[in-house]
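Geometric and topological summary
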Amino acid sequence: FVQSQHDILIDGEKLSSHDELMSNFFAQPDALANGKTADEVRAEGCAEELILHKVFDGNRPSSSLLFPQLSAYVTGQILSLYEHRTAVQGFIWDLNSFDQWGVELGKKLAIDVKDHLTKARYDPKQQPVVIPDAPATSRILNYYVKNGREATDNGTGMSVNPLTSVTRKTYREHIPPPIHDLGGNVGKLS
């Protein structure tokens, strides 16, 4: 989601928690598209018995959906799409749809994406991000950064600036949001 509902910037960190998660989101399609060879895994010093698990052919199709903000309607759309798609495609392509070794490669690629995202967030000229050999990732990352900059208020009266002022020390002042539809005791349990 372009806008986080409760973004927290930890003291001393350059990116918010939402941007950290989005870095992984942007990197995973590259992991699926490019894969990793046994030689690349060996060059990282991986134990020989784990190489089989960390090798990926690549050339696997994927889709990235980037919505403006989480809502009940969007949640329903995503759940119905992925519930059906994940299981059916796994059966058809003879893939393990719940492969955790594949997640590791996406996390490694996310480190590079985080660097590009950090530069984009702090670039006073707001130059487009260009990630070599990853034009799709560059495009979706630029969309995310541009729309995150332009979002200043989502109708709740709270800032949705991606470089949020909410920190580890001030988050209690922001949860629950001052305007919500929870009813009852102003959204608090007691």
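Rules used throughout
- Residues numbered from 1 in each chain as written.
- Predicted model: local features only at pLDDT ≥ 70, side-chain atom pairs only at ≥ 80, totals over all residues.
- Heavy atoms only, no water.
- pLDDT = per-residue confidence, 0-100.
- Helix = DSSP H or I, 4+ residues; strand = E, 2+ residues; numbered from the N terminus.
- Contact = heavy atoms within 4.5 Å.
- Expected span 1.5 Å × (residues − 1).
- Bend = angle between axes of the 7 residues up to and from the residue.
- Buried < 20%, exposed > 50% of the residue type's maximum accessible area, 1.4 Å probe, protein only.
- Core = buried A, V, L, I, M, F, W, Y, C linked by side-chain atoms within 4.5 Å.
- Salt bridge = Lys/Arg side-chain N within 4 Å of Asp/Glu carboxyl O.
- Phe/Tyr/Trp six-rings, centres within 6.5 Å; stacked < 30°, edge-to-face > 60°.

Our focus in this paragraph is the confidence of the model for the protein chain. Caution applies to low-pLDDT parts of the model: their predicted coordinates are not meant to be read in detail. With 78% of its residues at a pLDDT of 70 or more, the protein chain shows a mean pLDDT of 80. Confidence, expressed as mean pLDDT per element, reaches its minimum in the protein chain at helix α6 (residues 135–150) with 84 and its maximum at helix α2 (residues 38–43) with 95.

Take Thr86: it is sitting in helix α4 (residues 72–93). When the C-alpha atoms of Thr86 and Ser97 are compared, they prove to be 6.4 Å apart, with eleven residues separating the residues in sequence. Those residues within four positions of Thr86 in sequence are excluded, and the remaining contacts are Ser97 and Phe98.

Let us look at helix α5 (residues 100–122). Side chains three or four residues apart in an α-helix point the same way, a direct result of the helix having 3.6 residues per turn. Across its 23 residues, α5 extends 33 Å between first and last C-alpha, which sits within 8% of the 33 Å expected from 1.5 Å per residue. Largest kink in α5: about 30°, centred on Ile111. Regarding α5, the residues found buried are Gly102, Leu105, Gly106, Ala110, Val113, Leu117, Thr118, Ala120 and Arg121.

Moving on, we come to the nonpolar core. Across soluble globular proteins, nonpolar side chains have a tendency to be buried as a group. Ranked by internal contacts, the top residues of the largest apolar core, which has 17 residues, are Phe26, Leu66, Leu117, Leu141, Tyr144 and Val145. Of all the elements in the fold, those that place two or more residues in this core are α1 (17–34), α5 and α6. In this structure, Leu117 is in contact with Leu15, Asp19, Ser23, Leu141, Tyr144 and Val145, ignoring residues within four places of it in sequence.

With that out of the way, let us pick up the pattern of salt bridges. Going through the model one piece at a time under the given rule, you end up with seven salt bridges. Between Arg121 and Asp19 there is a salt bridge, and its shortest N-O distance comes to 2.8 Å. Of this pair, Arg121 sits in helix α5 while Asp19 sits in helix α1, and the two are 102 residues apart along the sequence. Given a relative accessible area of 9%, Arg121 falls into the buried group.

Right, let's get into the packing of aromatic side chains. Overall, the coordinates contain three aromatic pairs when judged by the stated rule. With a centroid separation of 6.3 Å and 35° between ring planes, the pair formed by Phe1 and Phe67 is classed as tilted. In this pair, Phe1 sits in the segment before α1 while Phe67 sits in the loop between α3 (48–54) and α4, placing the two residues 66 residues apart along the sequence. Feature note: the residues Phe25, Phe26 and Tyr144 constitute an aromatic cluster, connected by ring pairs.

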